[in-house]
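As a plain string of letters, each chain reads:
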Amino acid sequence: MSEREALAKAHMFERCATALATLDPARASTQKPFAFFVPGRIEVLGKHTDYAGGRSLLCAMERGFAVLALPRDDRRVRAMAVSTGEVREIEPDTDIDTDTALGDWSAYIRTVTRRIMRDFPAATRGVDLAFDSDLPAASGMSSSSALVVAIFLALAVANDLEADETYRRVITSREVLGNYLGAVENGRDFGAFAGGQGVGTLGGSQDQTAILCCHARVLSAYSFCPVRAEGEIPFPDDHVFVVAYSGVAAEKTANALLRYNEASLAVVEVLRLWNEATKRHDVSLADAVVSGTAAPFVIRDILRDSSSKDFTPQRLLDRFEQFIAESFDIIPRTIAAFNRGDLAAVGRAVDRSQRGVETLLGNQVPETITLVLLARAFGARAASAFGAGFGGSVWALVAADGAEPFVTRWRDAYAHDFPLRAPHAEFIITRPGPGATRL
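Student: So what's going on with the overall build of the protein? Residues and values would help.
Tutor: On a plain count of helices and strands, the protein comes out with 15 helices and 12 strands. A globule of 439 residues ought to have a C-alpha radius of gyration of about 22 Å, and the protein, at 22 Å, matches this closely. For the protein, the spread of C-alpha atoms along the three principal axes comes to 65 × 55 × 40 Å. With 439 residues in all, the protein has 59% of them scored as buried. Sequence separation of 24 or more characterises 73% of the internal contacts of the protein that already satisfy a separation of 6 or more. Surface summary for the protein: the accessible area is close to 17800 Å², and the carbon and sulfur share equals 53%.

Take a look at the structure:
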């Protein structure tokens, strides 16, 4: 982590220590809290591929959450958001009206606490915790998934879950843990564990995997359903990512979920039509694609002749074409280009990915499209929107020695084109940083 970012985290932990002392002054003065840094993530590539069993190219950011926690003697979780001073108390054994919880950060804490204590009966102790974050909220940088991971890590340490027989049998690696926490967040089943009330989109486990498993100074390639590590790619030492949050919040609660989930449900429908027509039982769309050399052509024929209740044939074809290009062509080409140091080829491949989400996936807004165009015009070697879409952020790959002037030009041009968004926008310089770490 850069010296600048490390110093910023030190200040965040200091604020957390002060906040934790207000929750329980006696214990805070006599016990040493657990400390975690939990980063956000950049989806370099892998737009809506994870839940379909496809590939992603990922890295952790140098921005994220500082978390301090003390174990309790009961099951309650009491949390303070340092930036606002807000405190939420979660009693996992008390029923709640789930509608009133949506839209508040306590929903993430409640969901994780209830699921962990249900799935792992050895987890009988809650925590008092304080967290601070330098990630823009609802920006597409996975602040919500980072909070999910942070709450889990605090509960896992407080309950010594790694010593629990059930936990060791089920959670056999950090990749499996990422897969499990993805299921916790979106409410899906996980093996023998039944699903429950989720708080995220009908997505996969890309975010949680990146947050837990990525390492500093490299990009990490993963495929999903299940999670599989496919290698690490050195990040060029003389370049950085500049990440621009558009100021258009990528909220994932209440009615906003419908727009995000449409892409996921389209994949479900494509797979259903394929399995029905072929009498197969493929678990993911990626499994269907690799089931035979002719499979992609057969899938296209099936979709052209489909009569789905919720999707037109063209919509299903567009969704399929975006997935297969991103996962099976663009990402392998980009990895090969990074490995041979051909950043021009990286840029061309990423441009294709961006066109795919604009024209086929259909989840971009004028602000993110413009940010990509401006970044390329100002000399970024590559640039792309990332995250669930309908707002959020754009990354740009730029030379480290020109990053500050690039930020100035990019910010000023964006403010000119979108003056109402500019006050809410944020521009961050980062290298690939460490994954979630207990300090």
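Student: Tell me about the nonpolar core, and name the residues and values.
Tutor: In terms of nonpolar packing, the biggest core is built from 86 residues, with V38, F152, Y180, F241 and W395 touching the most fellow members. Here this core gets 12 residues from one element, more than from any other, and that element is helix 5 (residues 143–158). Apart from residues no more than four positions distant in its own chain, F152 is found in contact with V112, I116, L161, Y167, L177 and L181. If you look at the next biggest cluster of nonpolar residues, it comprises 25 residues, including A263, L271, I299 and I324.

Student: I'd like a rundown of helix 13 (residues 343–361), residues and numbers included.
Tutor: Because the α-helix completes a turn every 3.6 residues, residues three or four places apart line up on one side. Between its first and last C-alpha, helix 13 extends 25 Å over 19 residues, near the 27 Å set by a 1.5 Å rise per residue. Looking at helix 13, one finds that the buried residues are L343, A345, V346, G347, A349, V350, S353, Q354, G356, V357 and L361. Looking one or two residues past helix 13, G362 carries a phi angle of roughly 70 degrees, positive in sign.

Student: A description of the packing of aromatic side chains should follow, citing residues and the corresponding values.
Tutor: The way to describe two aromatic rings as a pair is by their centre distance and the angle between their planes. This model, assessed by the stated rule, comprises 14 aromatic pairs. On the numbers, 6.2 Å between centres and 65 degrees between planes, the contact of Y180 with F193 is edge-to-face. Separated by 13 residues along the polypeptide, Y180 in helix 7 (residues 174–186) and F193 in the loop between helix 7 and helix 8 (206–213) bring together distant segments of the chain. Each member of the pair Y180 and F193 is classed as buried. Considering the side-chain rings of F406 and W410, the 5.2 Å spacing of their centres and the 50 degrees angle between planes classify their relative orientation as tilted. With F406 and W410 both in helix 15 (residues 403–417) and four residues apart, this pair spans about one turn of that helix. Residue F406 shares its accessibility class with W410, and that shared class is buried.

Student: Account for the state of the cysteines, with residues named and values stated.
Tutor: The full count for this structure, using the stated rule, is zero disulfides. Of the cysteine sulfurs around C213, a residue in no disulfide, the closest is that of C214, at 7.1 Å.

Student: Talk me through helix 5; I want residue IDs and the actual numbers.
Tutor: With 16 residues, helix 5 should cover 22 Å at 1.5 Å per step; its first-to-last C-alpha distance of 23 Å lies within 8% of that length. The buried fraction of helix 5 amounts to 15 of the 16 residues, a majority that puts the element mostly inside the structure. Positioned one or two residues after helix 5, D160 has a phi angle of 50 degrees, which is positive.

Student: Describe the pattern of salt bridges, naming the residues involved and giving the relevant values.
Tutor: Where charged atoms of side chains with opposite charge meet at close range, the side chains can pair. Taken as a whole and assessed by the stated rule, the structure comprises 35 salt bridges. The salt bridge involving E86 is made with R88; its shortest N-O contact spans 3.7 Å. Accessibility expressed as a relative area gives 33% for E86, which makes it partly exposed. R421 is the salt-bridge partner of E367, the closest N and O atoms lying 3.0 Å from each other. Here R421 lies in the loop between helix 15 and strand 11 (426–430) and E367 lies in helix 14 (residues 366–377), a separation of 54 residues in the sequence. Taking the relative accessible area as the measure of exposure, E367 reaches 9% and is therefore buried.

Student: Explain the sheet that holds strand 10 (residues 393–399) to me, using residue names and the numbers behind them.
Tutor: Taken in spatial order, the four strands make up an open sheet running 9-10-8-11, and their pairing is antiparallel. Every other strand in the sheet has two partners, leaving strand 9 (382–386) and strand 11 as the edge strands with one partner each. Each strand axis lies, on average, 20 degrees off the axis of its neighbour in the sheet, ignoring direction. Where helix 14 meets the sheet, it contacts strand 8 (239–245), strand 9, strand 10 and strand 11, and its direction lies at approximately 170 degrees from that of strand 9.

What counts, and at which threshold
- Residues numbered from 1 in each chain as written.
- Predicted model: local features only at pLDDT ≥ 70, side-chain atom pairs only at ≥ 80, totals over all residues.
- Heavy atoms only, no water.
- Helix = DSSP H or I, 4+ residues; strand = E, 2+ residues; numbered from the N terminus.
- Rg over C-alpha atoms; globule rule 2.2 N^0.38 Å.
- Buried < 20%, exposed > 50% of the residue type's maximum accessible area, 1.4 Å probe, protein only.
- Contact = heavy atoms within 4.5 Å.
- Areas by Shrake-Rupley, 256 points an atom, 1.4 Å probe, with all protein chains shown as cover.
- Core = buried A, V, L, I, M, F, W, Y, C linked by side-chain atoms within 4.5 Å.
- Expected span 1.5 Å × (residues − 1).
- Phe/Tyr/Trp six-rings, centres within 6.5 Å; stacked < 30°, edge-to-face > 60°.
- Disulfide = S-S within 2.5 Å.
- Salt bridge = Lys/Arg side-chain N within 4 Å of Asp/Glu carboxyl O.
- Pairing = 2+ DSSP bridges.
- Axes fitted to C-alpha atoms, helices over the stretch in contact; angles between N-to-C directions.

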